[in-house]
Amino acid sequence: MLRTRITLVVVAATLLAILVSVVSSYRGVTGLVADQFDRALVDRADAVAAVLDAGRVPAERPDTAEQLLLPDGTVRPLSPGRSALPVPPGALAVARSGEGRLTAESTVGDRTFGVLVQGRGEGHGALVVSQDYADAERMDREFLGRISWTTAGSAAACAALSWLLIGRILRPMRRLARAAERISATQDLGTALPAAGRDEVGRLTLAFEVMLDALRRSREAQQRLVQNASHELRTPLTSVRGSAELLQRARGRLAPEDEEQILGTLVAESVALDELVRELVELATDRQADEDPVPLDLAAAAEDCADRFRQRTGRVITVVTNVAAGAGPGTGVTGVAEGAAPDRDGAAVVLARPRALHRCIDNLLANAVKFSPGDTPVTVLVETADPDPGRGGARGRARPGVPYVRLVVRDLGPGIGPDERDAVFDRFYRGAGTQSTPGSGLGLAIVHDLVTADRGTVFAGTGPAGGAEVGFTLPRAVPAPRRGQ
């Protein structure tokens, strides 16, 4: 349990801090008390020596004992009725010389004494002053006892306070956990999350809210995709079923031309069904997701796709690069270059996934070829002048301040009205004048998803000559500075 673990960590840290303080304080207090006892012994010895020099007997004290140590080793207590205390090793040498000072400890039974031996001059022996350490030991025991009780009380108070405060801090996380458990149990992505604050838990709640919103939108998109797919699949499946039932009932009684027509319908609807299923799978799985964006020459990619469409359809498809914005069919502006010569200065190099980029260009060219007269040209315009990606009808995730390169495919077909500029990128959208044209309505939706995944934008509208103008922008791959620059 997180609350218990954090409380234990706080209590352990508190105990460690108290222990360090206690050890430091104890060592300091012990040294201070020892110094005071040593000074007290010296002061008592000096006072007794002065009294003896004056020919008087020193007054008795209950915590000290004084005695004379003669040069011959005889010990004579100065207080009548008191027994002689053992003298420490080395005391006789001081008594014989009459000079110097010696400090030591002596134990009598269970009592410990501090002993000071101080010479009284040659031939006069030494003065031995002993002080009982009972008071010091009592102070030591009292200090340790008080510290122990204080430490235990502080630890208990710290544990209780930490438990309460950490519980209050973790309360939003418990609410968030309960909400996540409800969502996991009920699959209800509309479950309300607790209010987000301004701390880290609030940021976590906001992140959960963003994640739930993304999941809700993803689920809604999946539901729409399933509904739209079922609707779109119904038409070719109905046609295939009707044609197959007709052939089954006729059983060879149809005229050859009627049978040929029905078989042609079956083949056409099967092709349409295959294309629809393939694009649905493409849209649902994004097979290009395993690719990483790399620098690609957009003009060369456009020329490669255009060349394949020229061979496949026989249409006139021109790739124009390095032109000013607005150039194209019917504008009177001549491109600087036609064809896809490699972009040596890197101006038309973009960051994109290779297969995704070619798929986008293929879909735009397929739309232009499909919805324009067969004897009219199709123009692919690659602008390398870092145009503003946010032109009318643009959709996507453009980043402000990032240079972009734009690709536009223009045809001379019926064009796209202002009210359809956004709708053409929706899944299964079919314009009013294109209902009878074969197709799934997913081509531009795939372009939208692939381009926006590479942080680009898509746009659609009517070109200068009246046809459709559909394209996208992608972030330019800024070349790394050369060594020495």
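Here is what the cut-offs are and how they apply
Residues numbered from 1 in each chain as written. Predicted model: local features only at pLDDT ≥ 70, side-chain atom pairs only at ≥ 80, totals over all residues. Heavy atoms only, no water. Helix = DSSP H or I, 4+ residues; strand = E, 2+ residues; numbered from the N terminus. Buried < 20%, exposed > 50% of the residue type's maximum accessible area, 1.4 Å probe, protein only. Contact = heavy atoms within 4.5 Å. Areas by Shrake-Rupley, 256 points an atom, 1.4 Å probe, with all protein chains shown as cover. Pairing = 2+ DSSP bridges. Patch = residues over 30% accessible without salt bridge, like charges linked within 9 Å, V, L, I, M, F, W, Y side chains within 5 Å. Salt bridge = Lys/Arg side-chain N within 4 Å of Asp/Glu carboxyl O. Lys, Arg positive; Asp, Glu negative; His and termini not counted. Charge placed at Lys NZ, Arg CZ, Asp CG, Glu CD. Axes fitted to C-alpha atoms, helices over the stretch in contact; angles between N-to-C directions. Parallel < 35°, antiparallel > 145°, perpendicular 65-115°, else oblique. Left-handed = near helix turned anticlockwise from the far one by under 90°. Nonpolar A, V, L, I, M, F, W, Y, C, P; charged D, E, K, R; others polar. Phe/Tyr/Trp six-rings, centres within 6.5 Å; stacked < 30°, edge-to-face > 60°. Lys NZ or Arg CZ within 6 Å of the ring centre and 35° of its normal. pLDDT = per-residue confidence, 0-100.

Draft legend 1. Examining the overall build of the protein more closely. Within the protein, the regular secondary structure consists of 8 helices and 14 strands. With 485 residues in all, the protein has 36% of them scored as buried. Pairs at least 24 residues apart make up 65% of the contacts formed inside the protein by residues separated by at least 6 positions. Working note: accessible area of the protein is about 27400 Å², and carbon and sulfur atoms make up 56% of it.

Draft legend 2. View of the pairing of strand E10 (residues 378-383). In terms of burial, E10 is largely enclosed, as 6 of its 6 residues are buried. Of the two faces of E10, the one lined by Val378, Val380 and Val382 and the one lined by Thr379, Leu381 and Glu383 are each fully buried. Both strand E7 (residues 317-321) and E10 contribute to a ladder of 5 bridges, which runs parallel. Of the residues in E10, the one forming a bridge with Thr318 is Thr379.

Draft legend 3. Molecular detail of a positive patch on the surface. Residues Arg168, Arg171, Arg174, Arg175, Arg178 and Arg182 make up a contiguous surface patch of positive charge. One can find Arg182 in helix H3 (residues 134-186). Under the relative-accessibility criterion, Arg182 is labelled partly exposed at 42%.

Draft legend 4. Focus on a nonpolar patch on the surface. Taken together, the side chains of Met1, Trp163 and Leu164 define a hydrophobic patch exposed on the protein surface, amounting to about 340 Å² of accessible area. Mapping Leu164 onto the fold places it in helix H3.

Draft legend 5. Molecular detail of the packing of helix H6 (residues 298-313) against helix H7 (residues 354-370). In the contact formed by H6 and H7, the axes pass within 10 Å of each other and the chain directions differ by 45°. Taken together, the axes of H6 and H7 lie oblique to each other. In the packing of H6 onto H7, the handedness of the crossing is right-handed. Contact residues: Leu298, Ala301, Ala302, Asp304, Cys305, Ala306, Arg308, Phe309 and Thr313 in H6; Leu357, His358, Ile361, Asp362, Leu365, Ala366 and Val369 in H7. Each residue belonging to the contact of H6 with H7 can be placed in one class, and the counts come to 11 nonpolar, 2 polar and 3 charged.

Draft legend 6. View of the pattern of salt bridges. Applying the stated criterion to the full structure yields 11 salt bridges. Measuring nitrogen to oxygen at the nearest pair gives 2.8 Å for the salt bridge that ties Glu66 to Arg44. On the criterion of sequence distance, the pair formed by Glu66 in strand E1 (residues 64-69) and Arg44 in helix H1 (residues 2-53) is long-range, its members being 22 residues apart. Relative accessible area serves as the criterion here: at 4%, Glu66 is assigned to the buried category. For Arg44, a relative accessible area of 12% gives the class buried. Taking the shortest distance from any N to any O, the salt bridge between Asp454 and Arg353 comes out at 3.2 Å.

Draft legend 7. Structural context of unusual backbone geometry. The backbone phi angle of Gln187 is positive, close to 60°, even though this residue is not glycine. Its location among the elements puts Gln187 in the loop between H3 and helix H4 (200-250). Of note, the phi angle at Arg455 is positive, near 60°, even though the residue is not glycine. Relative to the helices and strands, Arg455 resides in the loop between helix H8 (443-453) and strand E13 (457-462).

Draft legend 8. Expanded view of the packing of aromatic side chains. What the rule picks out here adds up to 0 aromatic pairs. Between Arg312 and the ring centre of Phe309, over which it is positioned, the NZ or CZ distance is 4.7 Å.

Draft legend 9. Up close: the packing of H7 against H8. At a closest axis distance of 9 Å, the pairing of H7 and H8 adopts a crossing angle of 150°. Considered as vectors, H7 and H8 are oriented roughly antiparallel to each other. In this structure, H7 meets H8 at a crossing whose hand is left-handed. Touching Ala356, Arg359, Cys360, Asn363, Leu364 and Asn367 of H7 are Gly443, Leu444, Ile446, Val447, Leu450 and Val451, all from H8.

Draft legend 10. Spotlight on the confidence of the model for the protein. This prediction gives the protein a mean pLDDT of 77; 82% of its residues lie at or above 70. Note that pLDDT drops below 50 for residues 323-337; the model gives that stretch 28 contacts with residues more than four away or on any other chain.

Draft legend 11. Spatial organisation of the sheet that holds E1. As summarised here, the arrangement of the 5 strands in space is E2-E1-E5-E4-E3, forming an open sheet in which the pairing is antiparallel. The open sheet has two free edges, formed respectively by strand E2 (75-77) and strand E3 (101-108), since each of these has just one partner strand. Neighbouring strand axes in the sheet, compared pairwise and without regard to direction, differ in orientation by 25° on average. The pairing of E1 with E2 spans 3 bridges and is antiparallel. Bridged to Leu69 within E2 is Val75. Most of the contacts of H1 go to strand E5 (residues 126-132), to which it runs at about 135°, and overall it touches E1, E3, strand E4 (111-119) and E5.

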